[in-house]
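Remarks on the overall topology
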Amino acid sequence: MTCRDGGVIVTVTMNPAYDMTYRVEHFERGRAHRVRSVDQRLGGRGINVTRVLNQLGKYARATGFSDHSFAAAAELEMPVDFVHALPWVRRTVVISESDDGTATALWEPGPRVTEPRAVDQLRVRVAGMMSDMSGLVISGSLPGGVGAGLPAELARTAIARGIPTICDCDGQTLELAARVPGIVLTPNVEELERLTGRPAGTIAEILAAVDPLIADGVGAVVVTRGGAGLVAVTPTRAWTAALPKPLAGNTTGAGDAAVAAIIAALAVDATPAGPGQAAPAPRHLGRRRGDSGRGRDRPSAARPVAAHRASARTRVGGRPPLSPRPA
């Protein structure tokens, strides 16, 4: 057990965004619509994580890439230390329908990094904060001009210094991050399927897909399932939890709230032993089957989920609640 409470939790967002929400009564393709209201807030996965951490009373600082305008606006809301390397910041647009709560999302790709030394500057900034860092979250997509291996590189450096680290990303970036021993991954169902090449529509399929990742050294995998909640897997345990009813409207950032809760817990105890008290309480799927060949408990892909359910119980501890992430 490693206790680092009192330090700063750092989030890294390399492709931030302005999150826009357009509210309409009902959206139909090919028609003009009158927008009832428009909301805008600063976004990007790491920005959302920082916002939630601050609301939880945790000291968190956001870094990454941005332009001057975004950095200035973010500084009014939270502690930031951005590398000014983007010519502009993208937007994410969500069309929220009030009649049934349906949300349609449009994600802009974002610009290319224009500052030739930007990556080195970010490396220096993150490394400079590690002496007082209690947790690290590397989130979201990458802008053009940034190699897919940078998040894994930052994570490996932090973990080597005993800092609990979460990587919340997709594609090749997630593939490379999954090779870092001890890292915590927080994919949604689609991201997990792309990473493993396996279906992950059910709890049993999620356990089977996650099994090789845990066996290869990943510290924990928390899979968010939209309105179905989440599944958390460590080398020795697996849990599931869900809200009483799905969120409606713009659910952008719901998964980031889950990431914030996880890193807030790991910043106090860096051992990912499992979720704590939640509303509703998480359902314990049981002890993972041991692997005598490796000398540690790990899941068996062949073990039916019914066997996990048969030993289900509630595990209560000092961990904060976890929220679902939209798939």
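Residues numbered from 1 in each chain as written. Predicted model: local features only at pLDDT ≥ 70, side-chain atom pairs only at ≥ 80, totals over all residues. Heavy atoms only, no water.

Judged from the five bridges that link them, strand E6 (residues 90-97) and strand E7 (residues 103-107) form a sheet pairing that is antiparallel. Looking at the pairing, Thr-92 lines up with Trp-107 of E7. What sits between the antiparallel neighbours E6 and E7 is a turn of five residues, in which Gly-101 has the positive phi angle 80°. (Pairing = 2+ DSSP bridges. Helix = DSSP H or I, 4+ residues; strand = E, 2+ residues; numbered from the N terminus.)

Within the secondary structure, Val-93 is located in strand E6. Val-93 gets classed as buried once you look at its relative accessible area, which sits at 14%. Residues Val-93 and Gln-40, spaced 53 residues apart in sequence, show a C-alpha to C-alpha distance of 9.3 Å. For Val-93, the residues in contact, after removing those within four places along its chain, are Met-20, Tyr-22, Thr-104, Ala-105, Leu-106 and Trp-107. (Buried < 20%, exposed > 50% of the residue type's maximum accessible area, 1.4 Å probe, protein only. Contact = heavy atoms within 4.5 Å.)

Let's shift gears to the packing of helix H6 (residues 189-196) against helix H7 (residues 203-215). One way to put it is that H6 packs onto H7 with a least axis distance of 10 Å and a crossing angle of 50°. Taken as axis vectors, H6 and H7 run oblique relative to one another. Judged by the sense of rotation from one axis to the other, the crossing of H6 with H7 is left-handed. Between H6, through Leu-192, Leu-195 and Thr-196, and H7, the contact on the second element is made entirely by Ile-206, Ala-209, Val-210 and Leu-213. (Axes fitted to C-alpha atoms, helices over the stretch in contact; angles between N-to-C directions. Parallel < 35°, antiparallel > 145°, perpendicular 65-115°, else oblique. Left-handed = near helix turned anticlockwise from the far one by under 90°.)

Relative to the helices and strands, Asn-188 is located in the loop between strand E10 (184-185) and H6. Reaching out from Asn-188, the side chain makes a polar contact with the backbone nitrogen of Glu-191 at a distance of 2.8 Å. (Polar contact = N/O pair within 3.5 Å; in protein donor to acceptor, adjacent residues only side chain to side chain.)

With that out of the way, let us pick up the confidence of the model for the protein chain. Of all residues in the protein chain, 79% attain a pLDDT of 70 or more, and the chain-wide mean is 84. In this model residues 275-281 is a low-confidence stretch, pLDDT under 50, and it forms 20 contacts with partners more than four residues away in sequence or in other chains. Across residues 289-327, confidence stays below pLDDT 50; counting only partners more than four residues off in sequence or on other chains, it has 110 contacts. (pLDDT = per-residue confidence, 0-100.)

Under the counting rule described, the total for this entry stands at 11 salt bridges. Arg-45 is the salt-bridge partner of Asp-168, the closest N and O atoms lying 3.1 Å from each other. Of this pair, Asp-168 sits in strand E9 (residues 165-168) while Arg-45 sits in helix H1 (residues 45-55), and the two are 123 residues apart along the sequence. Looking at Asp-168, the relative accessible area reads 0%, which means it is buried. When the shortest N-O distance is used, the salt bridge between Asp-170 and Arg-194 registers 2.7 Å. Here the residue Asp-170 occupies a position in the loop between E9 and helix H5 (171-177), and Arg-194 occupies one in helix H6, the gap between them amounting to 24 residues. (Salt bridge = Lys/Arg side-chain N within 4 Å of Asp/Glu carboxyl O.)

To continue, consider the sheet that holds strand E2 (residues 17-24). Strands pair in a sheet through their backbones, by hydrogen bonds, and they do so in one of two ways: parallel or antiparallel. Read from one edge to the other, the open sheet built from four strands follows the order E3-E2-E6-E7, with strand pairing classed as mixed. Pairing within the sheet leaves two strands with one partner each, and these edge strands are strand E3 (37-43) and E7. Put simply, the sheet's adjacent strands are angled 15° from each other on average, direction ignored. Strands E2 and E3 of the sheet are contacted by H1, whose axis makes an angle of about 90° with E3. Across the sheet, helix H2 (residues 68-75) lies against E2 and E3, angled at about 90° from E3, the strand it touches most.

So, about H7. The first and last C-alpha atoms of H7 sit 18 Å apart over 13 residues, in line with the 18 Å expected at 1.5 Å per residue. With 10 of 13 residues buried, H7 is to be regarded as a mostly interior element. Buried within H7 we find Ile-203, Ile-206, Leu-207, Ala-208, Ala-209, Val-210, Asp-211, Leu-213, Ile-214 and Ala-215. Gly-217 sits one or two positions beyond H7 and adopts a positive phi of about 115°. (Expected span 1.5 Å × (residues − 1).)

Let us look at the environment of Ile-206. Here Ile-206 is to be found in helix H7. We classify Ile-206 as buried; its relative accessible area is 0%. Spatially, the C-alpha atoms of Ile-206 and Val-233 are 9.3 Å apart, while their sequence positions differ by 27 residues. For Ile-206, the residues in contact, after removing those within four places along its chain, are Leu-192, Ala-200, Val-223, Arg-225 and Val-231.

The next thing to look at is the pairing of strand E13 (residues 237-241). Most of E13 is tucked away: five of the five residues are buried. Burial along E13 is two-sided: the residues Arg-237, Trp-239 and Ala-241 and Ala-238 and Thr-240 are all buried. Where strand E12 (residues 230-233) and E13 come together, four bridges link them in antiparallel fashion. In the strand pairing of E13, Leu-230 is matched with Ala-241. From the end of E12 to the start of E13, which pair antiparallel, there are three residues.

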